[in-house]
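# Fold and geometry: a report
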Amino acid sequence: MDTLNTVEIVGYAASLMVAISLMMKDIIWLRWINFVGCVLFVAYGISINAMPVAVMNGFVAIVNIVHLVRLYRNKSSEPVTA
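Summary of the structure given here.

Quick notes on the rules
- Residues numbered from 1 in each chain as written.
- Predicted model: local features only at pLDDT ≥ 70, side-chain atom pairs only at ≥ 80, totals over all residues.
- Heavy atoms only, no water.
- Helix = DSSP H or I, 4+ residues; strand = E, 2+ residues; numbered from the N terminus.
- Contact = heavy atoms within 4.5 Å.
- Polar contact = N/O pair within 3.5 Å; in protein donor to acceptor, adjacent residues only side chain to side chain.
- Expected span 1.5 Å × (residues − 1).
- Buried < 20%, exposed > 50% of the residue type's maximum accessible area, 1.4 Å probe, protein only.
- Patch = residues over 30% accessible without salt bridge, like charges linked within 9 Å, V, L, I, M, F, W, Y side chains within 5 Å.
- Areas by Shrake-Rupley, 256 points an atom, 1.4 Å probe, with all protein chains shown as cover.
- Salt bridge = Lys/Arg side-chain N within 4 Å of Asp/Glu carboxyl O.
- Axes fitted to C-alpha atoms, helices over the stretch in contact; angles between N-to-C directions.
- Parallel < 35°, antiparallel > 145°, perpendicular 65-115°, else oblique.
- Left-handed = near helix turned anticlockwise from the far one by under 90°.
- Nonpolar A, V, L, I, M, F, W, Y, C, P; charged D, E, K, R; others polar.

Here we come to the environment of N64. Inspection of the secondary structure assignment puts N64 in helix α3 (residues 51-77). Remark: the alpha-carbon pair of N64 and W32, spanning 32 residues in sequence, is separated by 7.4 Å. Contacts of N64, omitting those with residues within four sequence positions, involve R31, N34, F35 and C38. Side chain to side chain, N64 and N34 meet in a polar contact 2.8 Å long.

The following block contains the structure:
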């Protein structure tokens, strides 16, 4: 049996992070965990020379960041109640 190499571990970690993100009820946690998975998939795609994987996940990572910025801005502009 072959041992896992670093590239395969990154690929499995990326898959796990994306799968976990889809189980989140909190949208902020979903976005953060999915972002980490996407970044890992970008590294994985580049390392196996699969540019469609890297580019698509790079795009999704940017989408996650845009949504996170909007979520945090909306949170900070909400009035504080006692």
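Now that the structure has been shown, we can carry on.
In this model helix α2 (residues 27-47) runs 30 Å from its N-terminal to its C-terminal C-alpha over 21 residues, within 8% of the 30 Å that 1.5 Å per residue would give. Among all positions in α2, only I28, L30, R31, I33, N34, G37, C38, F41 and G45 are buried. Summarising the contacts, the buried residues of α2 are in contact with α1 (6-21) and α3. Structurally, the start of α2 carries an N-cap: the backbone nitrogen of I28 is 2.8 Å from a side-chain oxygen of D26. Downstream of α2 by one or two residues, N49 has phi in the positive range, about 60 degrees.

Moving on: a nonpolar patch on the surface. On the surface, W32, I65, V69 and Y72 cluster together into a nonpolar patch covering about 340 Å² of accessible area. Here the nonpolar patch gets three residues from one element, more than from any other, and that element is α3. Note on placement: V69 falls in helix α3.

Moving on: the packing of α2 against α3. Running from N to C, α2 and α3 cross one another at 155 degrees; their axes reach a closest spacing of 8 Å. Comparing their axes, α3 and α2 come out roughly antiparallel. Two packed elements cross with a definite hand, and for α2 against α3 that hand is left-handed. By residue class, the composition of the contact of α2 with α3 is 18 nonpolar, six polar and two charged.

Turning our eyes to something else, we now look at α3. An ideal rise of 1.5 Å per residue puts 39 Å on 27 residues; α3 measures up with 39 Å between its terminal C-alpha atoms. Of the positions making up α3, those classed as buried are A54, N57, A61, N64 and L68.

In this model, N49 sits at a positive phi of 60 degrees, which is unusual for a non-glycine residue. On the secondary structure map, N49 appears in the loop between α2 and α3.

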